[in-house]
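Summary of structural features
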Amino acid sequence: IIPTAKSVLRGLFKMHQETLSLSDIVLVQTSLEAKDLLNTYKVDFKWKIVPNGVSENFLDSKAWENSTENPLGIKDYLICVGRVEPRKNQLSVIEAVSMLRQELNLDLHLVFVGKKSESKHHSYASLFAQALKKNPWIHHVEFVPYNEMPLYYHLAKVGISASWFETTGLTSLEALFCGANAVATGDRVRECLGNLAFYCSPESVFSIKEAIKEAYFAPFPKIPEKMKKLYTWKNVGLETQKVYESLIREDQVKLGAAN
């Protein structure tokens, strides 16, 4: 018997329900993520926010602020980091920046960092490649070592993420920590970044353009020290460890009571 797509989805749904109901605690990145799980699966479960973060080299400003290196030979550009695929919405970003260049009569440069998802999204990758050929102001770097990314962000004016879906919005965090204003999408990202970022609607090229324009000319916000401590992989590890330790203590108390 060959299962139908509907039956497979029903099976996955049930499996997710059981996983949530059997969990001692579920780690989520935002409260909205927890609410979505509760509303979708109709299962009550205990949850705790442990947001994703960035590595320590994004906080070591001395390493890139005093650097004389400039890998692309340009600065004050717009940067968009992530795999080139429909979810990341790069074609709309290109269209928005093209409109902004004409509107402001400025030679704005747009830098993409990330591999093209050609095997899964061949037509999208093809349209992206065509846009690169037509527009010399668009630059594409397929790979940058993670420890070198802070310099790419630091030399940019704005980090853009116009994705259809994000959770914490790591590239926006990285941009902010390295001194570039951030354009982002979605209520989950807004829960993390608050008024530190400029927001756009991924379905509207005009909205993306306006957010980029606002971010380009805005002063850079002061990033709270508390935020720099919260959104790091080191903190993710520590907070996750605390959760496991609390569960172990609860089990020990239960075993002690049973004996």
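Figured I'd write up the structure that's included with this text.

About the thresholds
- Residues numbered from 1 in each chain as written.
- Predicted model: local features only at pLDDT ≥ 70, side-chain atom pairs only at ≥ 80, totals over all residues.
- Heavy atoms only, no water.
- Phe/Tyr/Trp six-rings, centres within 6.5 Å; stacked < 30°, edge-to-face > 60°.
- Helix = DSSP H or I, 4+ residues; strand = E, 2+ residues; numbered from the N terminus.
- Buried < 20%, exposed > 50% of the residue type's maximum accessible area, 1.4 Å probe, protein only.
- Lys NZ or Arg CZ within 6 Å of the ring centre and 35° of its normal.
- Contact = heavy atoms within 4.5 Å.

Here's the deal with the packing of aromatic side chains
- Overall, the coordinates contain five aromatic pairs when judged by the stated rule.
- Look at Phe13 and Tyr41: their rings are 4.9 Å apart centre to centre, the planes differ by 35°, and that puts the pair in the tilted class. Remark: Tyr41 occurs in helix H2 (residues 31-41) and Phe13 occurs in helix H1 (residues 5-22); sequence separation between them is 28 residues.
- Judged by its relative accessible area of 13%, Tyr41 is buried.
- An aromatic cluster of at least three residues, connected via ring pairs, comprises Phe58, Tyr146 and Tyr153.
- Geometry around Tyr216 places Lys157 over its ring, the cationic atom sitting 5.5 Å from the centre.
- The ring of Tyr199 has Arg190 lying over it, and the distance from NZ or CZ to the ring centre is 3.9 Å.

Digging into helix H7 (residues 170-177)
- Across the eight residues that make up H7, a large majority, six, are buried.
- The set of residues buried in H7 consists of Ser172, Leu173, Glu174, Ala175, Leu176 and Phe177.
- Considering only its buried residues, H7 is in contact with helix H3 (62-65), helix H6 (149-154), strand E6 (156-160), strand E7 (181-184), helix H8 (187-193) and helix H10 (225-230).
- Following H7 by one or two positions, Gly179 has its phi on the positive side, about 95°.

Function cannot be inferred from these measures alone, as they are strictly geometric.
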